[in-house]
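So the chains spell out like this:
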Amino acid sequence: MSKTINCPLCQRKVAEPELIAGVSNTHGGAFSQTSYDLVHCRDCDVVRLDPLPTEADLDILYRQTEQFSDDLYTDDSRISSMLEYYGHCLENLGLMPAGGEASLEVGAGFAWVSRAIKMRDESVVTIAQDVTDECSEKCAWVDRYHVGLLDTLDPGQKFRLISLTHVIEHLRHPAAMLVELAEKLSPEGRILVTAPHRPIGWQPGGDVQTWLDYSYLHVPAHIAYLSREWFDITAARAGLKVVHWDAGHEDGQAFEAVLGVDPDARSSWWARLKKKVGQG
Ligand SMILES: [Zn+2]
């Protein structure tokens, strides 16, 4: 029998992942290792670093180094193209909160989505969260910029829109994040996720060089390149469903996913949970 492992991304017992390539760090720093294996799980179709970077590695990346000094984040044409793209998402994917409703931008940085929302409706309550305070004083379009982990937010507050734009690929446990966010979603709420997907034209078993040339191959910052399959598996566990998926962004190098509450999944999940704690 072939060897099986527990996939850290889809959290299932799966065949050993396929090795794509050995990859060296693209980012300087005192990380736990200088190279990783880039592997593909055939079960959830996710490409990820193996082993996963440690919590200490992530601390070096996000709390000890300045991330937003690059001109990319202050250049006028860059700003207008970001706002145009997120505005397009808000208007065309059913994401725009109504007046008085709240939005949450996770790992917000300059909080592009909050800014695009405020350009359309001043009365939406925009909340941004990040683990560093680098941008917290620079975002007039955010009503409350929360510096700290998500679990320090008011647990009772519900959001019409939760966005993670180029954030989820940095997480060791993206499934746990979606479960946590699902609890914060209003019944009509939506979660918008954008992130790197894979190099143009790459398929499992395809050309290794495309990964080595991929502009989004950031080692060890980008831990996992998620897939439609992974979102389907994870959404079901979180009481959510995928209502939109488009992996054609940036010529297929990035994806956008929109998740909404799935009343059926949620009720069966509750049923299982109750059974587990002996109430069913
Ligand atoms: Zn997997």
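The structure we're discussing is the one just above.
Source: prediction; values computed, not measured.

**Q** Explanation requested: helix H2 (residues 76–92) in the structure shown.
**A** Quick reminder: α-helices carry 3.6 residues per turn. Residues three or four places apart thus point the same way. The end-to-end C-alpha separation of H2 is 24 Å, in line with the 24 Å expected for 17 residues at 1.5 Å each. Those residues of H2 that fall on the buried side of the exposure criterion are Ile79, Met82, Leu83, Tyr85, Tyr86, Gly87, Cys89 and Leu90. Positioned one or two residues after H2, Gly94 has a phi angle of 65°, which is positive.

**Q** Would you take a moment to explain the sheet that holds strand E4 (residues 35–40) for this structure?
**A** The strands that make up a sheet are held in pairs by hydrogen bonds between backbone atoms, and each pair lies either parallel or antiparallel. Overall, antiparallel pairing links the 4 strands, which are arranged E3-E4-E5-E11 in an open sheet. The strands lining the two open edges of the sheet, one partner per strand, are strand E3 (18–24) and strand E11 (224–225). Judged from the 4 bridges that link them, E4 and strand E5 (residues 47–50) form a sheet pairing that is antiparallel. Pairing of Asp37 across the sheet is with Asp50, part of E5.

**Q** Help me out: how do you make sense of the coordination of the zinc ion in this one?
**A** Those donors, Cys7 (SG), Cys10 (SG), Cys41 (SG) and Cys44 (SG), are the protein atoms that reach the zinc ion, and they lie 2.3 to 2.4 Å from it. Considering all 4 donor atoms around the zinc ion, angles at the metal cover 98 to 126° and the coordination shape is tetrahedral.

**Q** How should I be thinking about the side chain of Ser186 in this particular structure?
**A** Tracing the backbone through its elements, the reader meets Ser186 in strand E10 (residues 185–196). If we ignore the near neighbours within four places in the chain, the residues touching Ser186 are Lys158, Phe159, Arg160 and Val261.

**Q** Sorry, what's going on with the nonpolar core here?
**A** Generally speaking, soluble globular proteins have nonpolar side chains that are buried together. Core analysis: the biggest nonpolar cluster contains 50 residues, and Ile191, Trp230 and Phe231 have the highest contact counts within it. Elements that contribute at least two residues to this core include exactly helix H1 (55–62), strand E6 (102–106), strand E9 (159–165), helix H4 (174–182), E10, helix H6 (228–237), strand E12 (240–249) and strand E13 (254–261). Broken down by element, the residue count for this core peaks at 5 residues, all from H4. Sequence-distant contacts of Phe231, that is, excluding residues within four places in its chain, are made with Ile168, Leu178, Val193, Leu226, Val242, Trp245, Phe255, Ala257 and Leu259.

**Q** Help me out: how do you make sense of unusual backbone geometry in this one?
**A** Glycine aside, residues mostly have negative phi, and peptide bonds are mostly found in the trans state. Here the residue pair Asp50 and Pro51 is connected by a cis peptide bond, since its omega of -5° sits within 30 degrees of zero. For Pro51, the location among the structural elements is in the loop between E5 and H1. Phi angles above zero are rare outside glycine, and His166 is one such case at about 50°. Position of His166 among the secondary structure elements: in the loop between E9 and H4. Phi at Glu250 is positive, roughly 50°, even though this residue is not glycine. Positionally, Glu250 belongs in the loop between E12 and E13.

**Q** Would you mind showing me how to read the sheet that holds strand E8 (residues 144–147) here?
**A** Ordered by their spatial adjacency, 7 strands build an open sheet running E8-E7-E6-E9-E10-E13-E12, and the pairing between neighbours is mixed. Edge positions in the sheet fall to E8 and E12, since each has one partner strand and no second. The sheet shows a mean angle of 15° between the axes of neighbouring strands, direction not considered. In the sheet, strand E7 (residues 125–130) pairs with E8 via 4 bridges, with the strands oriented parallel. Within the sheet, the bridge partner assigned to Gln129 lies in E8 and is His146. Strands E9, E10, E12 and E13 of the sheet are contacted by H2, whose axis makes an angle of about 145° with E10.

**Q** I keep staring at the packing of aromatic side chains and nothing clicks. Help me out?
**A** Centre-to-centre distance and the angle between the planes together describe a pair of aromatic rings. All chains considered together, the criterion is met by 11 aromatic pairs. Their ring planes at 70° and their centres at 5.4 Å tell us that Phe231 and Phe255 sit as a pair that is edge-to-face. A residue pair is termed long-range when its members are at least 10 positions apart, and Phe231 in helix H6 and Phe255 in strand E13 qualify at 24 residues. Using a relative accessible area of 0% as the deciding quantity, one classes Phe231 as buried.

Parameters and conventions
- Residues numbered from 1 in each chain as written.
- Predicted model: local features only at pLDDT ≥ 70, side-chain atom pairs only at ≥ 80, totals over all residues.
- Heavy atoms only, no water.
- Helix = DSSP H or I, 4+ residues; strand = E, 2+ residues; numbered from the N terminus.
- Expected span 1.5 Å × (residues − 1).
- Buried < 20%, exposed > 50% of the residue type's maximum accessible area, 1.4 Å probe, protein only.
- Pairing = 2+ DSSP bridges.
- Donors = N, O, S within 2.8 Å, 3.2 Å for Na, K, Ca; no water.
- Tetrahedral: all angles 85-135°; square planar, octahedral: opposite > 155°, others 65-115°.
- Contact = heavy atoms within 4.5 Å.
- Core = buried A, V, L, I, M, F, W, Y, C linked by side-chain atoms within 4.5 Å.
- Axes fitted to C-alpha atoms, helices over the stretch in contact; angles between N-to-C directions.
- Phe/Tyr/Trp six-rings, centres within 6.5 Å; stacked < 30°, edge-to-face > 60°.

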